[in-house]
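This is what each chain is made of:
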Amino acid sequence: HRDKLERAIRAWKSIHPILGARIVTLPDSDPTHASFSHQRYFAQASAEKTASLDNVQYARFITNSAHDNRKKMLDLLVERELNAETVDSENGLLWRLLLVDLGMGRYSVLLTVHHSIFDAKNGYNLVSQLVELINESLESRLDEMRLEPFELSPSIEEKLFQNDREKIANVKLNEKF
């Protein structure tokens, strides 16, 4: 059902602009921040990167053993994902997905995400929505026409400073932090 899975993933991406984002890091003008620039911004990834599913992988658990241990194998895959390279925030998307066929009609989804786009409640909602879209697609009920993109909130620069570069340049960092 790979085509149905990919249809659901593409629908999920289409309604969440942040799933097509990358992070742009500019050199910091303050030399004390040379190793970690404070000038980081979200930007849309290239159209090719946004359209592709190269951050989605598939795995299948296959064994001839009567004593296989799917739980142990899944734990090893989770460990591998936790220790794998971080997501490529500058050139790629800020997330990757591993779909695992455990056999016997059981599946697992491993989602690795950059902390800037995924936390607490929105993380739960994003995963719940992805699972719902997958279910709809597998049951041939997915209707992309009814899906509406989520609106992104204005940036803090826009909200507090109306994108006035002079005001933004005069913001002083709290040295305690």
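Residues numbered from 1 in each chain as written. Predicted model: local features only at pLDDT ≥ 70, side-chain atom pairs only at ≥ 80, totals over all residues. Heavy atoms only, no water.

Before we go on, may I ask you to explain the sheet that holds strand β4 (residues 95-103) in this structure?
In any sheet, the strands associate via hydrogen bonds between backbone groups, in a parallel or an antiparallel arrangement. Pairing is mixed across the open sheet formed by three strands, whose spatial order is β3-β4-β5. Each having just a single partner strand, β3 (56-60) and β5 (106-113) make up the two edges of the open sheet. Recorded for the sheet is a direction-independent mean angle of 15° between the axes of neighbouring strands. Relative to β5, β4 is paired through eight bridges, and the arrangement is antiparallel. Each bridged residue has a counterpart across the sheet, and for L98 the counterpart in β5 is L110. Sheet strands in contact with helix α1 (residues 2-15) are β3, β4 and β5, and its direction is about 150° off that of β4. (Pairing = 2+ DSSP bridges. Helix = DSSP H or I, 4+ residues; strand = E, 2+ residues; numbered from the N terminus. Axes fitted to C-alpha atoms, helices over the stretch in contact; angles between N-to-C directions. Contact = heavy atoms within 4.5 Å.)

Hey, could you run me through the pairing of β4 in this one?
Looking along a regular strand, one sees the side chains alternate between the two faces of the sheet. Within β4, nine of the nine residues are buried, which leaves it mostly tucked inside the rest of the structure. Burial along β4 is two-sided: the face carrying W95, L97, L99, D101 and G103 and the face carrying R96, L98, V100 and L102 are both buried. As judged from the five bridges shared by β3 and β4, these two strands associate in the parallel manner. Considered in β4, the bridge of Y58 is made with L99. A loop of two residues connects β4 with β5, the two strands running antiparallel in sequence, and M104 in this loop sits at a positive phi of about 55°. (Buried < 20%, exposed > 50% of the residue type's maximum accessible area, 1.4 Å probe, protein only.)

Would you mind showing me how to read unusual backbone geometry here?
Only a minority of non-glycine residues have a phi that is not negative, and only a minority of peptide bonds are not trans. Despite not being glycine, Q162 shows a phi value in the positive range, around 50°. Residue placement: Q162 occurs in the loop between α5 (156-161) and α6 (165-169). Its identity as a non-glycine residue notwithstanding, N163 has a phi of 60°, on the positive side. As for its position among the elements, N163 is in the loop between α5 and α6. The class for N163 is partly exposed, based on a relative accessible area of 38%.

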